[in-house]
Amino acid sequence: MTAQKDLASPPQKYDSMPDPQKLLLECEEAPKITDRLNIFPFDWRVETPRLMEVYESSRDPGWSPSQLPWDTLDMEGMTLDQRYAIAYWFTLLSVFDASGPAVFARAMIHAYETHEEDAIRKCFLSVTRDEMNHEEVCGRVITALTPNGPLGYEPQTELGRLARNNIEWLYHNGARYWNGYKVAVEHYPMPILFSSFLFGEVASSTLFHSMYERTTIPVLKEAFRNIGRDEGRHLSFCLALLKEVLPKMSEEEKNTVTKQFRAGFIFLSGILFEPPSEFWQLPPTFLPAQRMIEEVARSAGLGIMDLEERKANWRTAVVRLKTIVEPHGVKFPALPEIDVDGEDVDFDCDKIVPIF
Ligand SMILES: [Fe+2]
Ligand SMILES: [Fe+2]
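Values in this document were obtained by computation on a predicted structure and should not be read as measured data.

Trainee: Go over the overall build of the protein chain, please, and point to the residues and values.
Mentor: Counting its regular elements, the protein chain contains twelve helices and zero strands. Starting at the N terminus and walking to the C terminus, you meet the elements of the protein chain as α-α-α-α-α-α-α-α-α-α-α-α. Structurally, the protein chain occupies a C-alpha span of about 85 × 65 × 35 Å along its principal axes. Residues classed as buried in the protein chain amount to 41% of the 356 residues present. Taking the contacts inside the protein chain whose residues are at least 6 apart along the sequence as the reference set, 81% of them involve residues at least 24 apart.

Trainee: Residues and numbers for the packing of helix 8 (residues 190-214) against helix 10 (residues 251-272), please.
Mentor: The interhelical angle for the contact between helix 8 and helix 10, taken along N-to-C directions, is 30°, at an axis separation of 9 Å. The orientation of helix 8 with respect to helix 10, classified from their angle, is roughly parallel. Of the two elements, helix 8 crosses helix 10, and the hand of that crossing is right-handed. Of the residues in helix 10, those touching helix 8 at P191, I192, S195, S196, F199, G200, A203 and L207 are E253, T256, V257, Q260, F261, G264, L268, I271 and L272.

Trainee: Residue-level account of the nonpolar core, with values.
Mentor: Core analysis: the largest hydrophobic core is formed by 94 residues, its most contacted members being L51, A85, I86, Y88, W89, C123 and I293. Not counting chain neighbours up to four residues away, the residues in contact with Y88 comprise A163, N166, I167 and I293.

Trainee: Explain the packing of helix 4 (residues 80-97) against helix 11 (residues 286-299) residue by residue, including any values.
Mentor: Contact geometry for helix 4 and helix 11: axes closest at 8 Å, N-to-C directions at 110°. Relative to helix 11, the element helix 4 is oriented roughly perpendicular. Contacts between helix 4 and helix 11 involve D81, Q82, A85, I86, Y88 and W89 from the former and I293, E294, V296, A297 and S299 from the latter. For the contact of helix 4 with helix 11, a count of residues per class yields seven nonpolar, two polar and two charged.

Trainee: Just give me the short version of the environment of V183, but keep the residues and values in it.
Mentor: Residue placement: V183 occurs in helix 7 (residues 158-187). Among the residues examined, V183 registers 13 C-beta atoms within 10 Å and is labelled partly exposed. For the pair V183 and W280, spaced 97 residues apart in sequence, the C-alpha separation works out to 18 Å.

Trainee: So what's going on with unusual backbone geometry? Which residues, and what values?
Mentor: Among all residues except glycine, the phi angle is most often negative; among peptide bonds, the trans geometry is most common. Cis rather than trans, the peptide bond between G149 and P150 has omega equal to 5°. Along the chain, P150 falls in the loop between helix 6 (118-145) and helix 7. Of note in this structure, H115 is not a glycine but carries a positive phi near 55°. With respect to the secondary-structure elements, H115 resides in the loop between helix 5 (100-113) and helix 6. Of note, the phi angle at N148 is positive, near 70°, even though the residue is not glycine. Structurally, N148 is set in the loop between helix 6 and helix 7. The exposure class assigned to N148 is exposed, which follows from the 10 C-beta atoms found within 10 Å.

Trainee: Provide a residue-level description of helix 11, including the pertinent values.
Mentor: Along its 14 residues, helix 11 runs 20 Å from first to last C-alpha, staying within 8% of the 20 Å computed at 1.5 Å per residue. In this structure, the buried residues of helix 11 make contact with helix 4 and helix 7. Count one or two residues on from helix 11 and you reach G301, which has phi positive near 105°.

Trainee: Account for helix 12 (residues 307-325), with residues named and values stated.
Mentor: Along its 19 residues, helix 12 runs 27 Å from first to last C-alpha, staying within 8% of the 27 Å computed at 1.5 Å per residue. For helix 12, every residue scored as buried is listed here: R310, W314, A317, V318, L321, K322 and V325. Mapping the buried residues of helix 12 onto a view down its axis gives an arc of 145°, with all of them on the same face. Among the exposed residues of helix 12, those pointing more than 90 degrees away from its buried face are E308, E309, T316 and T323. On its buried face, helix 12 sits against helix 8 and helix 10.

Trainee: Account for the environment of E136, naming residues and giving values.
Mentor: By the element assignment, E136 lies in helix 6. The partly exposed category is assigned to E136, around which 17 C-beta atoms lie within 10 Å. Counting along the chain gives 70 residues from E136 to S66, while the straight-line C-alpha distance between them is 8.5 Å.

Rules used in this analysis
- Counting starts from 1 at the beginning of each chain's written sequence and moves along it residue by residue.
- Just so you know, chain letters begin at A and ligand numbers begin at 1, following the order they were written in.
- Per-residue local features of the predicted model are confined to residues with pLDDT of at least 70, and side-chain atom pairs are confined, for both listing and counting, to 80 or more; whole-chain, interface and lining totals are unaffected and use all residues.
- Numbering goes from the N terminus for both helices and strands, where a helix is a DSSP run of H or I of at least four residues and a strand is a run of E of at least two.
- Field definition: a residue is buried when 20 or more other C-beta atoms are found within 10 Å of its C-beta, exposed when 12 or fewer are, and partly exposed for counts in between, with C-beta atoms placed from the backbone.
- Any residue pair is listed as a contact if its two C-beta atoms, each placed from the backbone, are within 7 Å.
- What counts as an axis is a line fitted to C-alpha atoms, over the stretch in contact for a helix, and the angles between N-to-C directions run from 0 to 180 degrees.
- An angle below 35 degrees is read as roughly parallel, one above 145 as roughly antiparallel, one from 65 to 115 as roughly perpendicular, and any other as oblique.
- Helix crossings get a hand from a simple test, with the near helix turned counterclockwise from the far one by less than a right angle marking a left-handed crossing and a clockwise turn marking a right-handed one.
- Take the buried Ala, Val, Leu, Ile, Met, Phe, Trp, Tyr and Cys residues, join any whose C-beta atoms are within 7 Å, and the set you get is a nonpolar core.
- Following the grouping adopted for this structure description, the nonpolar residues are Ala, Val, Leu, Ile, Met, Phe, Trp, Tyr, Cys and Pro, the charged ones are Asp, Glu, Lys and Arg, and the polar ones are all others, Gly among them.
- Here the expected length of a helix is defined as 1.5 Å per residue gap, with one fewer gap than residues.
- Think of it as the arc spanned by the lines of direction from the helix axis to the C-beta atoms.

Shown next, in the form of structure tokens:
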């Protein structure tokens, strides 16, 4: 009863209902909509129906990292070095796969800012969701095998200390990638971004397929199978959009794609092959240490290919990409590292896009 006494009166009291006609006459014009950076969608147009179909099929990815049989990971059966080595490989993978959530979330925000079709916004959301699962797998493996890893623990062996040093260098290069990406995502139009993402997805589906086939640790094998399937779907997203946009690209845009492919190859070789110095800033101990670590991880059942197999596998993936884009008049860059002929191109190693 007392509460009512405390209620303030409304600022204005109307003694009749407002008259819409009268209100319309008194309407003030709203500020002109000129700011393209308003992120609210003005439409939900779908220009690429195939993208929407892939999005529908992604609503339920069909797996969850938390549901994998982690209790079967036999840590007691591994030496300390084997634990360090497997955790190391997942840290290397993290440079590409655990950057995924932020990379694609950023691309999604950009797609809102530039008012891309609804299907593109949704496809970036879906990839972001999947990448969060891939990041979670990296995190679970690293923290199970090296609690507080990748950096918050003290390695007890020489191999462990070498791995630690390599991880710090990987982190340095991952930071350089991210700085470049933030510029690139604003700089390039959507068709160029998608061409670059396509390279990442070709690389990742190839990598996870081989890891799935060769890994003998059951929970990791299962993780690779699921991640590989997600990456295949990401590849379908890219192909669906590129089928529409590649034929419409200008010559200048096509040349940019060629350069971006060279940049993507250099960056992705960091895990698909070996890291070229055009991008990767690494000390001379890095590669010999990594080769040793990989050998130990292999001995524990992680299906990392050896260098020759990697080269052949990477080449197969790249040739696959080449056959997708060349019919649309996009020239392929020369990749002498893996014996692929093509155009000699400069590229901007400060604006690298593709990731897993
Ligand atoms: Fe992906
Ligand atoms: Fe991924």
